[in-house]
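Report on the structure
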Amino acid sequence: MKMRIESDSLGEVELPDERYYGAQTQRALDHFKIAHHKFPREIIKAFGLVKKAAALTNADLNLLPPFKAEAIVAVCDEIIRGDLDQEFPLLIWQSGSGTQSNMNANEVIANRANERLGSPKGSKKPIHPNDDINLSQSSNDVFPTVMHLAALDQLQNKLLPALLDFETELASKADQFAEVYKIGRTHLMDATPMTLGQEFSEFAAEIEFCREQIADARQPLYQIALGGSAIGTGLNTHPLYADKVAATLASLTGFPLTAARNKFSALAAHDAIVHASGCLRTLATDCMKIANDVRWLGSGPRCGLSELKLPGNEPGSSIMPGKVNPTQAEALTMIVARVFGNDLTIGFAGSQGNFQLNVFKPIMIYSLLESITLLADGCRSFTEHCIRGIEPRAEVMKRYLESSLMLVTALSPSIGYDNAAKAVKAAQETQRSLRDIVVEQGYLSAEQYDAATNPEAMTRPGL
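Quick caveat: nothing in here was measured; it's all calculated off a predicted structure.

Here the focus is the overall build of the chain. The number of helices and strands found in the chain is 19 helices and ten strands. In terms of principal-axis extent, the alpha carbons of the chain reach across some 100 × 50 × 35 Å. Across the chain, the fraction of contacts at a sequence separation of at least 24, relative to all contacts at a separation of at least 6, is 73%. When the accessible surface of the chain is totalled, it reaches about 21300 Å², and 53% of it is carbon and sulfur.

In structure tokens:
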């Protein structure tokens, strides 16, 4: 492999000549050989957007010559398209400010831009990675902005559409099952009747709530740290830079971005990231509830609840022929476990801002993006391969409903709570039907009992 020598403030570094990254990136590769967790493409794209916006803004403020800005913008467009992804090899385990990744971007853009202008890699002329690419910036305000852009991209373009599909399918099932009557359950015990449609309407409402909360969680992310410089004061930036670069970045992304109202907070704390993760945690709790309910209701098919027929996507056992398992529900609940762990990581990391800088930035955004991806993909898979194909086993639900002792609840207004409780006790002890006991004890006639325990009437308000 042909090698070249580049230098930084610590001296010379040897690196592969084919690479556009430079000395500081190579040092990071040498010194942070920790596991395998690399930043996803959304982070790389966000760096391209930030550096492009900075170059355009610096040129507009006459801080950067037009020919440099044009070369920088051209390379940033390559990064945004994904043409240079292989030039961003760093792991998340690095400086907690993301400095190595920021310099990775600066070096790649400078070397590629200089190549386009006829200069060799490593020359740092006419475009310098710090003086030109990083002009008006610090890693401390660049990386938080990258965090927000990547999170917004994935929330808006991946998770929210997946949740809308999930919610829509659940609502469709609620309508489809509106007249399928069944027994409700509280404390895992028999309760009063409901419809299967009402049960699915609960699921749809929970996902709707989460979708709305996640949509609202974008608002704090629209405030970006660019212009804060090293600690939030804006040192070495033009007085108009912060607002102008936010407006430029907004035009590039389509997000209504603004300069952070308090740039000290934007660097020292990442409350918007912590808040977004909290909304994902809420979604995860509902996904756990829905997935567990579905797999319990589909348990069986002969010896479980067996109220739902779940799609059989693949064989469920290597030893038990014909077995089919609720694998989509299992996958989703494992995703929930991971999201809970990521949220714990983000919450702890968010609490570790010391003085003017939080130095847990890489792990925060990596964990958040992983949670977004897992939930988006998991909800889509669960929707497509489980919810969409669910069918009711109406005959099973009818049998449970007719045998339930909790139909007595509808009798309380006419025969009183105490008599109703006595009837339930007698039916349970003698293993006879509630109807037989109520009629035998003279509380109601058979006709009165049937009228009072009409399941349709018991699934809505009424006395």
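Next comes the rest of the write-up.
Along the chain, the position of E199 falls in helix α7 (residues 196–216). Note on E199: relative accessible area 10%, which makes it buried. If we skip the residues at most four places from it in the chain, E199 touches K182, M194 and L297.

A separate point is the pattern of salt bridges. Where charged atoms of side chains with opposite charge meet at close range, the side chains can pair. One pass over the structure, following the stated rule, counts 30 salt bridges. Between E78 and R116 there is a salt bridge; the shortest N-O distance is 3.3 Å. On the criterion of sequence distance, the pair formed by E78 in helix α3 (residues 66–81) and R116 in helix α4 (residues 99–116) is long-range, its members being 38 residues apart. The partly exposed category is assigned to R116, whose relative accessible area is 44%. Linked through salt bridges whose partners overlap, the residues forming this network are K2, R4, E6 and D17.

What counts and what doesn't
- Every chain is numbered independently, its residues counted from 1 as its sequence is written.
- The predicted nature of this model means local features are confined to residues of pLDDT at least 70 and side-chain atom pairs, given and counted, to a pLDDT of 80 or more, with totals for whole chains, interfaces and linings taken over all residues.
- As a convention, hydrogens and water are excluded, and side-chain values are obtained from all of the structure's heavy atoms.
- What counts as a helix is a DSSP run of H or I of at least four residues, what counts as a strand is a run of E of at least two, and both are numbered from the N terminus.
- In this analysis, two residues are considered to be in contact whenever any of their non-hydrogen atoms come within 4.5 Å of each other.
- Surface exposure here means Shrake-Rupley accessible area, sampled with a 1.4 Å probe, where a residue is shielded only by the protein chains that are shown.
- Classification of residues uses two cut-offs on accessible area relative to the type maximum, computed with a 1.4 Å probe and protein chains only: under 20% is buried, over 50% is exposed, and between them is partly exposed.
- Between Lys or Arg on one side and Asp or Glu on the other, a salt bridge is scored when a side-chain nitrogen of the former is within 4 Å of a carboxyl oxygen of the latter.

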